[in-house]
Amino acid sequence: MNDTKALLERIAVALEKIASLMESTQNGVQSYGAECAVNEVLVNLDNKKTSEEMGANEKIEVDVDILIERLAEGRIAVKTYPEREQENSELDTLSQFMGSRFSDIKVVYERIKRSLNSSSGVRLDMKTFSQSSVSSSCQFCTLLYNIAYLSEYKYLKSPRFCIYATPNRIPIAVNFLTGHWLEYFVKSTMLKVINSFPCNIEYSYIINPQIILPNGDDFELDVVFMINKSLYWIEAKTGAYQNYIDKYSKVAKMMNIMSKHMFMVLTEVPSQDSVRILEKSFGIQILHVEEFEKKMTEILSLEINSINNKNE
């Protein structure tokens, strides 16, 4: 029954696309571009699989339009969102390195981030740093230098143990270093977690969508995933979160996002007592970047197992 409903939903989406494309027809002659697009919709629909047709361990990324329609059920209109082509696998790899070793690179990252607002570079004495932190910090700077996010970088070994770095203040580097890297990390980690489960999963995701809330206000979300029809909203903050958490809480209620599906991923997490108070007050789960993968694995494992048990 669920598979039939899902298939009907896909058919409805495809028909809407075809109807929209047909509007480009003039004088009974459809343009070549519209004809190709219609054929592409039909091919994509034919290639979609229901869970009944899927193998024992398939991950199917459904059309993002299905996610957008799922948001529309909560009266959330998506105005615009970045095209998938703008994503970058090299930045995914870099963000994974940063997120998984943030404790080791924290000092040099913060120094580089602060220097973006000045004309000076970074000089960091690492004599008292652990070997792990020195190694990770040097590797981090090398990765940034290789993609020209640092215009200059060198590390002086014993006896100086000092990093010299100058950020390249181009927009793409500034955006990445001031916070976009954490969104990349959230997205790539979610995909990693999804693919780790030995079962069928349908999913879709969208990054930085510009939306219109039910009250007419404009808003931007960081990362939204739809996993087996359930929505997961994740906000990523590399700086102060205090001015945002109340707004996120209110928006989550407007979107009908359950508190167990609303997350704030931070590079700086307060004490556990503070976290408990914040989570209880605002209905948002607060996670440190380095615990995000483990926590999401636990949460999705429970929910996916619950769904699978109901379907058996």
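Above this text you will find the structure in question.
The structure displayed is predicted, hence computed values, not measured ones.

What counts as what
- Residues numbered from 1 in each chain as written.
- Predicted model: local features only at pLDDT ≥ 70, side-chain atom pairs only at ≥ 80, totals over all residues.
- Heavy atoms only, no water.
- Axes fitted to C-alpha atoms, helices over the stretch in contact; angles between N-to-C directions.
- Helix = DSSP H or I, 4+ residues; strand = E, 2+ residues; numbered from the N terminus.
- Parallel < 35°, antiparallel > 145°, perpendicular 65-115°, else oblique.
- Left-handed = near helix turned anticlockwise from the far one by under 90°.
- Contact = heavy atoms within 4.5 Å.
- Nonpolar A, V, L, I, M, F, W, Y, C, P; charged D, E, K, R; others polar.
- Pairing = 2+ DSSP bridges.
- Expected span 1.5 Å × (residues − 1).
- Buried < 20%, exposed > 50% of the residue type's maximum accessible area, 1.4 Å probe, protein only.
- Phe/Tyr/Trp six-rings, centres within 6.5 Å; stacked < 30°, edge-to-face > 60°.

J.: In this structure, what is going on with the packing of helix α5 (residues 102-115) against helix α6 (residues 131-146)? I would like to understand it.
T.: How two helices sit against one another is set out by the angle between their axes and by the gap between those axes. Direction vectors running N to C along α5 and α6 enclose 45°, while the axes themselves pass 7 Å from each other. Between α5 and α6, the interaxial angle falls into the category oblique. Handedness of the α5/α6 crossing: right-handed. The residues of α6 that touch α5, namely those facing Asp 104, Ile 105, Val 108, Tyr 109 and Ile 112, are Ser 132, Ser 133, Ser 136, Ser 137, Phe 140, Cys 141 and Leu 144. The residue makeup of the contact of α5 with α6, split by class, is 7 nonpolar, 4 polar and 1 charged.

J.: Explain the sheet that holds strand β11 (residues 262-266) here, please?
T.: Each strand in a sheet pairs with another by means of backbone hydrogen bonds, the pair being arranged parallel or else antiparallel. The 6 strands lie next to each other as β1-β6-β9-β10-β11-β12, forming an open sheet whose pairing is mixed. The open sheet has two edge strands with one neighbour each: β1 (59-61) and β12 (285-288). Neighbour to neighbour, the strand axes of the sheet diverge by 25° on average, direction disregarded. As judged from the 5 bridges shared by strand β9 (residues 223-227) and strand β10 (residues 230-237), these two strands associate in the antiparallel manner. If you follow Val 223 over to β10, its bridge partner there is Ile 234. Along the sheet, helix α8 (residues 245-254) makes contact with β10, β11 and β12, crossing β10 at roughly 170°.

J.: Teacher, can you tell me more about helix α4 (residues 89-100) here?
T.: Counted at 1.5 Å a residue, the expected span for α4 with its 12 residues is 16 Å, and the 16 Å between its end C-alpha atoms agrees. Listed as buried for α4 are Leu 91, Asp 92, Leu 94, Ser 95, Gln 96, Phe 97, Met 98 and Gly 99. Those residues of α4 that are buried lie in contact with α5, α6 and α7 (171-196).

J.: Explain the environment of Trp 181 to me, please; I cannot follow it from the model alone.
T.: Along the chain, the position of Trp 181 falls in helix α7. Owing to a relative accessible area of 0%, Trp 181 belongs among the buried residues under this scheme. When the C-alpha atoms of Trp 181 and Gly 99 are compared, they prove to be 8.7 Å apart, with 82 residues separating the residues in sequence.

J.: Looking at this structure, I do not really get the packing of aromatic side chains. What am I missing?
T.: Describing an aromatic ring pair means giving the distance of the ring centres and the angle of the ring planes. Applying the stated criterion to the full structure yields 12 aromatic pairs. Taking the centre distance of 5.8 Å and the plane angle of 75° together, the rings of Tyr 109 and Trp 181 count as edge-to-face. Here Tyr 109 is found in helix α5, whereas its partner Trp 181 is found in helix α7, with 72 residues between them in sequence. Across the pair, Trp 181 and Tyr 109 agree in class, each one buried. Considering the side-chain rings of Phe 219 and Tyr 248, the 6.3 Å spacing of their centres and the 85° angle between planes classify their relative orientation as edge-to-face. In this pair, Phe 219 sits in strand β8 (residues 218-220) while Tyr 248 sits in helix α8, placing the two residues 29 residues apart along the sequence. What makes Phe 219 buried here is its relative accessible area of 12%.

J.: Even after reading the chapter, I still don't get unusual backbone geometry, so can you show me in this structure?
T.: A negative phi holds for most residues other than glycine; trans holds for most peptide bonds. Cis geometry is adopted by the peptide bond preceding Pro 159, which originates at Ser 158 and carries an omega value of 10°. Look at Ala 148: it is not a glycine, yet its phi comes out positive at around 70°. As for its position among the elements, Ala 148 is in the loop between α6 and β4 (150-156). Look at Ala 148 and you get partly exposed, because its relative accessible area is 35%.

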